[in-house]
Amino acid sequence: MSTNKPMPARTDISAPFWDGLKSGRVTLPRCRSCGHWIFYPRRHCDACWSHDLEWQDVSGAGSLYTYTLTRIPTLPDFADEMPQALAVVELDQGVRINTTLVGLAEDEIRVGMRLKPVFDQVGGDGTTLLRFTGVDKTIAPPLPDAPAAEAPPPVAVTRVAVSDEAALRALVGEAFTAWSNEVVVDQALIDEFARLSGDDYWIHTDPDKARRSGPFGGTIAHGALVQVLQSRMKIPLGFEVAGFTNMVNYGSDRLRFPSPVPAGSRIHARARVKRVERQKSGTQLTLEVHTHVVGAERPSVINDLVILYM
Ligand SMILES: [Zn+2]
């Protein structure tokens, strides 16, 4: 798994908390002088100022104190988790923890609902985040980088004979198809493309530098990579041309990259038939393909793809 998401910084004071999560335990500092539970971890008791603290395991059971659903990523790297349920959970010991809810549909989330911990291993080094889900849920949290490979709903496919010029021209229109399946463009894929193409400019390959000094708050995919990923997206065109001997990709009349695809984004595509032309060499069909980051209004790639049927 590859991710550019910022990871928690384990300090001397907080180390037992993070180590506990790695082994599936929620452990909290507690004051030996007054019995007060403490979170976040710190040197002193925030009730009586004593420095006499000890770590104690707790069940992790709690209630939802408050939450918000965010549909715009706080960093580009979180684009694959939208919408995110950012929450404050009050454990039964009284401490409140900033976290995210997982495995709950939007309409299942209620302030005050009972929650249990989910130990979500996110780093190759075993780094584990504390998330929460409903007490009645048994599902594992979704892997942030798992491709959302849902097939689009089936559409009726019309067969059009390449010799039937009127039927071909009838395909031309302004309306776009429904969206294709979604594909995750993660840093690993971008790195592979950088190696393959030789374009290893830092805006694509250096997450730290891109976060610090880049214009997009993180790395972005190569426009050419997003363009070729069209092969992974099945666009529900609704027609199929038949009766030709040979079909070739004749190139593009227009290729534009109007907006970036941040690493970790999910993308999908849709298309419309822009033009049908009879040429000496055969019949040319121009398909205007738009690839977008899921939820983004502006396309990331516009490709007027010319297909030649002979
Ligand atoms: Zn105390």
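The shown structure was predicted, so the numbers you read here are calculated from the model rather than taken from an experiment.

This next bit is on helix H1 (residues 15–22). Residues separated by three or four positions in an α-helix point in the same direction, a consequence of the helix having 3.6 residues per turn. Looking at H1, one finds that the buried residues are Phe17, Trp18, Gly20 and Leu21. Each buried residue of H1 lies within a common arc of 155° when the element is viewed along its axis, so the set occupies one face. Next to the buried residues of H1 lie strand S1 (26–31), strand S6 (114–121) and strand S7 (128–134). Positive backbone phi, at 75°, marks Gly24, one or two positions downstream of H1.

Turning next to helix H3 (residues 187–197). Among all positions of H3, only Gln187, Ile190 and Phe193 are buried. Looking straight down H3, one finds that the buried residues subtend no more than 125° of arc, so they occupy a single side. Residues Glu192, Arg195 and Leu196 are exposed on H3 and point more than 90 degrees away from its buried face. Against the buried residues of H3 lie strand S9 (183–185), helix H4 (202–205), helix H5 (207–213) and helix H6 (223–228). Positive phi appears at Gly198, one or two residues downstream of H3, with a value of about 85°.

Now for the domain arrangement of the protein. Split into domains, the protein comes out as domain 1 (15–134) and domain 2 (158–309). The distance between the C-alpha centroids of domain 1 and domain 2 comes to 41 Å. Counted by class, the side of domain 1 that touches domain 2 contains four nonpolar, no polar and two charged residues.

An order of S9-S12-S13-S14-S11 is seen for the five strands of this open sheet, with the pairing classed as antiparallel. Edge positions in the sheet fall to S9 and strand S11 (247–256), since each of these pairs with one other strand and no more. Each neighbouring strand pair of the sheet contributes to a mean axis angle of 35°, computed without reference to strand direction. With nine bridges joining them, strand S13 (residues 283–293) and strand S14 (residues 301–309) adopt antiparallel strand pairing. Within S14, the position partnered with Gln284 by the bridge is Leu308.

The next point concerns the pairing of S6. Successive residues of a regular strand alternate their side chains across the two faces of the sheet. Two strands pair when backbone bridges link them, and strand S3 (residues 62–70) and S6 are joined in this way by two bridges, in the antiparallel orientation. Bridge pairing in S6 links Ser63 to Arg114. Bridge count for S6 against S7 is seven bridges, and the pairing is antiparallel. In the strand pairing of S7, Phe119 is matched with Leu130. Linking S6 back to S7 in an antiparallel pair, the connection comprises six residues, with Gly126 at a positive phi of about 90°.

Moving on: the nonpolar core. Residues Val185, Ile190, Ala221, Val226, Val261 and Ile267 are the most contacted members of the largest nonpolar core, which totals 16 residues. Of all elements in the fold, only S9, H3 and H6 reach the threshold of two or more residues within this core. With three residues, S9 is the single largest residue contributor to this core. When neighbours within four sequence positions are excluded, Val261 is seen to be in contact with Val185, Ile220, Ala221, Val226, Ile267, Val293 and Ser300. Core analysis: the next-biggest nonpolar cluster, separate from the first, contains 12 residues, Leu64, Val89, Val102 and Phe132 among them.

Take the environment of Phe119 next. Structurally, the position occupied by Phe119 is in strand S6. Overall, the presence of 18 C-beta atoms within 10 Å leaves Phe119 in the partly exposed class. For Phe119 and Arg131, which are 12 residues apart along the polypeptide, the C-alpha to C-alpha distance reads 6.5 Å. Dropping the residues within four chain positions of it, Phe119 is found in contact with Leu21, Gly24, Thr128 and Leu130.

What counts, and at which threshold
Residues numbered from 1 in each chain as written. Predicted model: local features only at pLDDT ≥ 70, side-chain atom pairs only at ≥ 80, totals over all residues. Buried ≥ 20, exposed ≤ 12 C-beta atoms within 10 Å, placed from the backbone. Helix = DSSP H or I, 4+ residues; strand = E, 2+ residues; numbered from the N terminus. Arc of directions from axis to C-beta. Contact = placed C-beta atoms within 7 Å. Domains from an automatic or database assignment. Nonpolar A, V, L, I, M, F, W, Y, C, P; charged D, E, K, R; others polar. Pairing = 2+ DSSP bridges. Axes fitted to C-alpha atoms, helices over the stretch in contact; angles between N-to-C directions. Core = buried A, V, L, I, M, F, W, Y, C linked by C-beta atoms within 7 Å.

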